[in-house]
2 protein chains.
Amino acid sequence: MTERKQIPDPTLLRMCRYLRILERYSEPTISSAAIAEAAGVNAAQVRKDLSFFGEFGQPGVGYHTKELLASLKRMMGLDEELKVIVVGAGALGSALINYPGFENRGFRIVAVFDNNPAKIGHRLRGYEIMPFDRLKETVADLNVDIGIIAVPRVSAQEVADAMIAAGITGIVNFAPVTLKVPDDVVVRGVDLTLQLETLAYYLQD
Amino acid sequence: MTERKQIPDPTLLRMCRYLRILERYSEPTISSAAIAEAAGVNAAQVRKDLSFFGEFGQPGVGYHTKELLASLKRMMGLDEELKVIVVGAGALGSALINYPGFENRGFRIVAVFDNNPAKIGHRLRGYEIMPFDRLKETVADLNVDIGIIAVPRVSAQEVADAMIAAGITGIVNFAPVTLKVPDDVVVRGVDLTLQLETLAYYLQD
């Protein structure tokens, strides 16, 4: 992994939103105000976020929609397909494999793993479920970029360790636990209950 | 909804992590350093986050684990059960209904809705799937607090509008789209691909 300019996570997340807006926008040019309105932020925020990636747009004209889209995708590393494995073939793994967003956005699931002998060898939405102990060779054979952890909390660290030992440096973790990983591995946690919990704060009488 | 002290979202998210750490901690007292290490942040951050909620702990002693846990739960609005509905009985809805984290953390799913006649009336993991047009009366009857949107992107705004019309002020949206809602409604988006996209930035050669 090469050194990357450190961009704040909230900026990266907003950039992903902007990409979606640009993809659906049919006009040849778009203003920061239009992006901002669709994203639910203000225009100054949009301009500041885009400035992390360089100089775009012209005063009075706005941005060329397709050029901006192509530039951002390239700079976000989203102009090439990324190969993904999913570990955990339960309900959550099944939902993830089925989630159209992944393929639509350039993430190709190349293998699915589980350690339950009753599941191994069976097919799940077109994927043959592979034994967890075949993870390392599969990651090497298929040049996997990203590992998704969709196992119960108690198994998440073990799965992360195996992914890292296999050479994966990008992990998306759906188990509600903080993983310990080396500095050169990037983990993004998606905790399905955290967002409900932050809501609770605002729902108090 | 009453006015709440505005706490930054990243702080709220970290507070939820601290709660988990406290719940699993077996010693009677805990230091900010111990919380920080388990949460993967620094101790100053922990102390700053906790200061949003008041004065806790004693120098040289740390925090009384159970007291801090109870105080934080109360202040986060997590000391009472919250009632949740899920709209969308597809793979994702099914995974969410099955997700043990919800019940474990005080969120009780009280009803599941879909608009597909082939699904209505069938049972999904113990829940009878109800027709979408019964949402309003059900929300009123059962005093629902939170609505979870687990439908495709094209239907998400319509579902949000129906939830809001039914009186729901807290929404967790799993569809990859920014919802338009009134100011008194709080939406938390959980986009399953966003985190993969932010990873891509760091995985570039």
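Here the structure is a predicted model, which means the values were calculated and not measured.

How each quantity is defined
- Residues numbered from 1 in each chain as written.
- Chains lettered and ligands numbered in written order.
- Predicted model: local features only at pLDDT ≥ 70, side-chain atom pairs only at ≥ 80, totals over all residues.
- Heavy atoms only, no water.
- Helix = DSSP H or I, 4+ residues; strand = E, 2+ residues; numbered from the N terminus.
- Buried < 20%, exposed > 50% of the residue type's maximum accessible area, 1.4 Å probe, protein only.
- Contact = heavy atoms within 4.5 Å.
- Areas by Shrake-Rupley, 256 points an atom, 1.4 Å probe, with all protein chains shown as cover.
- Lys, Arg positive; Asp, Glu negative; His and termini not counted.
- Charge placed at Lys NZ, Arg CZ, Asp CG, Glu CD.
- Domains from an automatic or database assignment.
- Polar contact = N/O pair within 3.5 Å; in protein donor to acceptor, adjacent residues only side chain to side chain.
- Pairing = 2+ DSSP bridges.
- Buried area = accessible area lost by both parts, 1.4 Å probe.
- Salt bridge = Lys/Arg side-chain N within 4 Å of Asp/Glu carboxyl O.
- Axes fitted to C-alpha atoms, helices over the stretch in contact; angles between N-to-C directions.
- Parallel < 35°, antiparallel > 145°, perpendicular 65-115°, else oblique.
- Left-handed = near helix turned anticlockwise from the far one by under 90°.
- Nonpolar A, V, L, I, M, F, W, Y, C, P; charged D, E, K, R; others polar.
- Core = buried A, V, L, I, M, F, W, Y, C linked by side-chain atoms within 4.5 Å.

## Side note on the overall build of chain A
Phase 1 of the analysis: Along its length, chain A carries nine helices and nine strands.
Phase 2 of the analysis: Residues classed as buried in chain A amount to 50% of the 205 residues present.
Phase 3 of the analysis: Counted over contacts in chain A with a minimum sequence separation of 6, partners at least 24 positions apart contribute 56%.
Phase 4 of the analysis: About 9,700 Å² of surface is accessible on chain A, with carbon and sulfur atoms providing 48% of the total.
Phase 5 of the analysis: Averaging the positions of the 22 positive and the 25 negative side-chain charges in chain A gives two centres separated by 3 Å.

## Examining the domain arrangement of chain A
Phase 1 of the analysis: Domain assignment breaks chain A into domain 1 (9-76) and domain 2 (82-195).
Phase 2 of the analysis: Look at where the C-alpha atoms of domain 1 of chain A and domain 2 of chain A centre, and you get two points 31 Å apart.

## Overview of the side chain of Gln204 of chain B
All names here are of chain B.
Phase 1 of the analysis: Position of Gln204 among the secondary structure elements: in the segment after helix H9 (194-202).
Phase 2 of the analysis: The exposure class assigned to Gln204 is buried, which follows from its relative accessible area of 15%.
Phase 3 of the analysis: Polar contacts involving the side chain of Gln204 include one to the main-chain carbonyl oxygen of Tyr201, which spans 2.9 Å.

## Side note on the sheet that holds strand S6 (residues 127-131) of chain B
Residue and element names in this part refer to chain B.
Phase 1 of the analysis: Read from one edge of the open sheet, seven strands run S5-S6-S4-S3-S7-S8-S9, paired in mixed fashion. Of all strands in the sheet, those with a lone pairing partner are strand S5 (123-124) and strand S9 (186-189), marking the two edges.
Phase 2 of the analysis: For strand S7 (residues 146-149) and strand S8 (residues 170-173), the ladder comprises four bridges, and the chain directions are parallel. Directly across from Gly147, in S8, lies its bridge partner Ile171.

## Regarding the pairing of strand S4 (residues 107-114) of chain B
All names here are of chain B.
Phase 1 of the analysis: Most of S4 is tucked away: seven of the eight residues are buried.
Phase 2 of the analysis: Pairing of S4 with S6, which is carried by three bridges, proceeds in the parallel orientation. Each bridged residue has a counterpart across the sheet, and for Val112 the counterpart in S6 is Ile129.

## Remarks on the interface of chain B and chain A
Phase 1 of the analysis: Facing the 67 residues of chain B at the interface are 67 residues of chain A.
Phase 2 of the analysis: The junction of chain B with chain A conceals about 6,200 Å² of combined surface from both sides, 66% of it contributed by carbon and sulfur atoms.
Phase 3 of the analysis: For the chain B face of the interface with chain A, the top three residues by lost area are Leu196, Tyr201 and Tyr202 of chain B, together amounting to 14%.
Phase 4 of the analysis: Scanning the region where chain B abuts chain A turns up four salt bridges.

## Concerning the pairing of strand S3 (residues 82-87) of chain B
All names here are of chain B.
Phase 1 of the analysis: Summarising burial for S3: five of the six residues are buried, a large majority.
Phase 2 of the analysis: Note: S3 against S4, six bridges, orientation parallel. If you follow Val84 over to S4, its bridge partner there is Ile109.
Phase 3 of the analysis: By the bridge criterion, four bridges tie S3 to S7 in an arrangement that is parallel. Among the inter-strand pairings, Ile85 is bridged to a residue of S7, identified as Gly147.

## Overview of the sheet that holds strand S3 (residues 82-87) of chain A
Pairing between sheet strands relies on hydrogen bonds along the backbone, with the strands arranged either parallel or antiparallel.
Phase 1 of the analysis: Read from one edge of the open sheet, seven strands run S5-S6-S4-S3-S7-S8-S9 (chain A), paired in mixed fashion. Strands with a single pairing partner mark the edges of an open sheet, and in this sheet they are strand S5 (123-124) and strand S9 (186-189) of chain A.

## Concerning the packing of helix H1 (residues 9-24) of chain A against helix H2 (residues 32-39) of chain A
All names here are of chain A.
Phase 1 of the analysis: Contact pair H1 / H2: the axes reach a minimum separation of 10 Å and the direction vectors enclose 110°. With respect to H2, the element H1 is oriented roughly perpendicular. In this structure, H1 crosses over H2, and the sense of that crossing is right-handed. Contacts between H1 and H2 involve Tyr18, Ile21 and Leu22 on the former and, on the latter, Ile35, Ala38 and Ala39.
Phase 2 of the analysis: Considered class by class, the residues forming the contact of H1 with H2 number six nonpolar, no polar and no charged.

## Some details on the nonpolar core
Phase 1 of the analysis: Counting residues in each nonpolar core, the largest one holds 109 residues, and the members touching the most others are Leu192 of chain A together with Leu192 of chain B.
Phase 2 of the analysis: Dropping the residues within four chain positions of it, Leu192 of chain B is found in contact with Leu96, Tyr99, Phe102, Phe174, Val190 and Leu192 of chain A together with Leu92 and Phe174 of chain B.

## Notes on the environment of Pro8 of chain B
Residue and element names in this part refer to chain B.
Phase 1 of the analysis: Along the chain, Pro8 turns up in the segment before helix H1 (9-24).
Phase 2 of the analysis: Using a relative accessible area of 39% as the deciding quantity, one classes Pro8 as partly exposed.
Phase 3 of the analysis: Residues Pro8 and Leu124 lie 116 residues apart in sequence; the distance between their C-alpha atoms is 37 Å.

## Looking at the pattern of salt bridges
One side chain can pair with another of opposite charge once the charged atoms of both are near each other.
Residues and elements named next belong to chain B.
Phase 1 of the analysis: Using the criterion set out here, one finds 16 salt bridges over all chains in the structure.
Phase 2 of the analysis: Between Asp49 and Arg14 there is a salt bridge whose closest N-O contact spans 2.6 Å. Linking Asp49 in helix H3 (residues 43-51) with Arg14 in helix H1, this pair joins segments that are 35 residues apart in sequence. Grouping residues by exposure puts Asp49 and Arg14 together as buried.
Phase 3 of the analysis: Ionic pairing is found between Arg108 and Glu81, a salt bridge with its closest N-O pair at 2.9 Å. Pair noted here: Arg108 is in strand S4 and Glu81 is in the loop between helix H4 (65-76) and S3, with a separation of 27 residues, a long-range link.

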